[in-house]
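Summary of the model geometry
One-letter residues, chain by chain:
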Amino acid sequence: MCGVFGVRAPGRDVARLSYFGLYALQHRGQESAGIAVSENGRLTAVRDLGLVPQVFDERTLSGLRGEYAIGHTRYSTTGGNAWENAQPLLHHGRKRIVALGHNGNLVNAEALREQAGKPLASSSDSEVIAALIADDERPLEEAIVATMARLEGAATVVGLAEGKLFAFRDSFGFRPLVIGRLGEDHVVASESCALDLVGATFEREVRAGELVIVDDEGLHSVQAVEPENHGALCIFEFFYLARPDTRLAGVEVHGARVRMGERLAAESPVEADLVLPIPDSGTPAAIGFARATGIPFSEGLIKNRYVGRTFIQPEQGMREQGIRMKFNPLAEVAGKRLVVVDDSIVRGSTTRQIVQMLFDAGAAEVHVRVSSPPVISPCYYGIDLASEDEMIAAHSTVEEVRAAIGATSLAYISLDGLQAATRRPASALCRACLTREYPTRVPADAAKLRFEPV
């Protein structure tokens, strides 16, 4: 996951632009946030644990001046939730200093860290990317191209070096990255919603394997590594991760999720009195389900929007506490047959508590409908889906999952149905968490904390 942002805008407050860009990308990571600026080639970075408004205030932002800036919101998949792993990180190499923010997860991080030949300050897989670029004696563009060729797995990256902004995606394009224009200035961001917030106009997506460099001469790009087939954009982005007002591969996410709900209604209808979402990510699919069936839509569950996403809290205890803080059912659910629509079930703990909460509020029936197929396998490309043994559907039938969550009935959308809703061909998406079919080799040791000091 993680959110990345970058801008070149001489004469503008680039730190403040990055701050608002990160605000739009807060859903992609809640553990830490940071901004690095380049002023006449001199790099300065501020990063810390916490949400964007917790890390930055007026005084901090006013001290970050420059012509270029990059920003990062972190959700950890390799390396713990520690200050050393907050980004953008600064790496002082033999050839240059590099500020870098990374979204994704490398499957060859261990080999690359060994090849770096020196200790790294962090325990993430991101610093090694900066180290490779910073230590390469060749000109900056050649150094980045050479580094990209050595990366395996997911790497959507923004960086600053030598008074330039650079950004690239790995050859599969697992994680999104878009380019926008702010007048004559250029902006890059994980999602198009960040462009909207800062007033930038969407231009295009960065292609898989493409390197973009922005400097005083403008923007130029090079196809640094050949793209793999049609790419492998993460399908999890479509049904859960991306904001609904984002466009992925030219497809509006909200519209895709509404179509998921409509397809789910066609595949698994049920007699009920109300359709309600598990907000917020289940809302578009619930709208689609209600439209397709004619069953009235209700909020049903009121969400405390000052509580963050429970999925991306780093510990199970925090996750469960978050659920209790996060939702409260409306009185109208009493005596009703409910269809509860969610985007996914991973561990099952959230769904089980919500089902029980609705029964405790007097619901007569609780039918759970899920706008993704069963999540059955880990992600090695930047989503912390835990181990297969922790996934409730990995080794259980649908009926066994239904019994475990306590629902009256349970149905998932089919893989074909989900695929059709995205309007993207199967060959253009990574679906490994749903199929166990990975587009790259997978690491023997993928433990999140494997690079932590002993």
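You'll find the structure just up there.
First things first, this report covers the structure right here in the doc. (Residues numbered from 1 in each chain as written. Predicted model: local features only at pLDDT ≥ 70, side-chain atom pairs only at ≥ 80, totals over all residues. Heavy atoms only, no water.)

1. A word on the overall build of the protein chain
For the protein chain, the count of helices and strands is 15 helices and 23 strands. Its C-alpha atoms give the protein chain a radius of gyration of 22 Å, near enough to 22 Å, the size a compact globule of 454 residues would have. Burial status across the protein chain gives 60% buried among its 454 residues. Of all intrachain contacts in the protein chain linking residues separated by at least 6 positions in sequence, the fraction that spans at least 24 positions is 70%. Measuring between centres, the 47 positive side-chain charges of the protein chain sit 2 Å from its 58 negative side-chain charges. (Helix = DSSP H or I, 4+ residues; strand = E, 2+ residues; numbered from the N terminus. Rg over C-alpha atoms; globule rule 2.2 N^0.38 Å. Buried < 20%, exposed > 50% of the residue type's maximum accessible area, 1.4 Å probe, protein only. Contact = heavy atoms within 4.5 Å. Lys, Arg positive; Asp, Glu negative; His and termini not counted. Charge placed at Lys NZ, Arg CZ, Asp CG, Glu CD.)

2. With respect to the packing of aromatic side chains
Within the structure shown, the criterion is met by 9 aromatic pairs. Aromatic side chains Tyr19 and Tyr23 sit 5.5 Å apart centroid to centroid with 85 degrees between the ring planes, which places their arrangement in the edge-to-face category. Remark: Tyr23 and Tyr19 occur in helix H1 (residues 14–24); sequence separation between them is 4 residues, near one turn of the helix. By relative accessible area, which is 11% here, Tyr19 ends up buried. For Tyr23, a relative accessible area of 40% puts it in the partly exposed group. A centroid spacing of 6.4 Å and a plane angle of 85 degrees characterise the contact between Tyr19 and Phe56, whose relative ring orientation is edge-to-face. (Phe/Tyr/Trp six-rings, centres within 6.5 Å; stacked < 30°, edge-to-face > 60°.)

3. Comments concerning the sheet that holds strand E20 (residues 337–342)
Within the open sheet, the 4 strands sit side by side as E17-E20-E21-E22. Their pairing is parallel. Edge positions in the sheet fall to strand E17 (274–277) and strand E22 (409–412), since each of these pairs with one other strand and no more. Here the strands of the sheet are splayed against their neighbours by 20 degrees on average, with no regard to which way each runs. Of the pairings in the sheet, the one linking strand E21 (residues 365–370) to E22 comprises 4 bridges and is parallel in character. (Pairing = 2+ DSSP bridges. Axes fitted to C-alpha atoms, helices over the stretch in contact; angles between N-to-C directions.)

4. Focus: the sheet that holds strand E12 (residues 210–215)
Taken in spatial order, the 6 strands of this open sheet run E5-E6-E7-E8-E12-E13, and their pairing is antiparallel. Two strands lie at the open edges of the sheet, namely strand E5 (89–92) and strand E13 (218–223), each paired on one side alone. Averaged over all pairs of adjacent strands, the angle between their axes in this sheet comes to 20 degrees, without regard to strand direction. Examined bridge by bridge, E5 and strand E6 (residues 97–103) share 4 bridges and lie antiparallel to one another. Looking at the pairing, His91 lines up with Val98 of E6.

5. Here's the deal with the side chain of Arg257
Here Arg257 is to be found in helix H9 (residues 253–267). A polar contact is formed between the side chain of Arg257 and the backbone oxygen of Phe238, at a distance of 2.7 Å. Only 3.3 Å separates the side chain of Arg257 from the backbone oxygen of Tyr240, close enough to count as a polar contact. The residues contacting Arg257, other than those within four sequence positions of it, are Glu237, Phe238, Phe239, Tyr240, Leu241, Ala242, Arg243, Pro244, Ser281, Pro284 and Ala285. (Polar contact = N/O pair within 3.5 Å; in protein donor to acceptor, adjacent residues only side chain to side chain.)

6. A closer look at the environment of Glu141
Tracing the sequence through the fold places Glu141 in helix H6 (residues 140–150). The class of Glu141 is partly exposed, set by a relative accessible area of 31%. Residues Glu141 and Glu127 lie 14 residues apart in sequence; the distance between their C-alpha atoms is 18 Å. Ignoring sequence-local partners within four residues, the contact set of Glu141 consists of Leu211, Ile213, His220 and Val222.

7. Some points on the nonpolar core
Among the nonpolar cores identified, the biggest contains 50 residues, and Phe236, Ile383 and Leu385 are the most heavily contacted of them. Looking at this core, the elements with two or more residues in it are strand E14 (233–234), helix H8 (235–241), H9, helix H10 (283–293), E20, helix H14 (415–422), strand E23 (429–430) and helix H15 (432–435). A per-element tally of this core places H8 first, with 6 residues. (Core = buried A, V, L, I, M, F, W, Y, C linked by side-chain atoms within 4.5 Å.)

8. Some thoughts on the pattern of salt bridges
Opposite charge on two side chains permits pairing when their charged atoms draw close. Under the defined criterion, the tally for this structure stands at 24 salt bridges. A salt bridge links Arg16 to Glu58; the shortest N-O distance between them is 3.0 Å. Note that Arg16 is positioned in helix H1 and Glu58 in helix H3 (residues 58–62), a separation of 42 residues in sequence. Classification of Arg16 as partly exposed rests on a relative accessible area of 24%. With a shortest N-O distance of 3.1 Å, Glu210 and Arg207 are connected by a salt bridge. Glu210 gets classed as buried once you look at its relative accessible area, which sits at 0%. For Arg207, a relative accessible area of 42% gives the class partly exposed. (Salt bridge = Lys/Arg side-chain N within 4 Å of Asp/Glu carboxyl O.)

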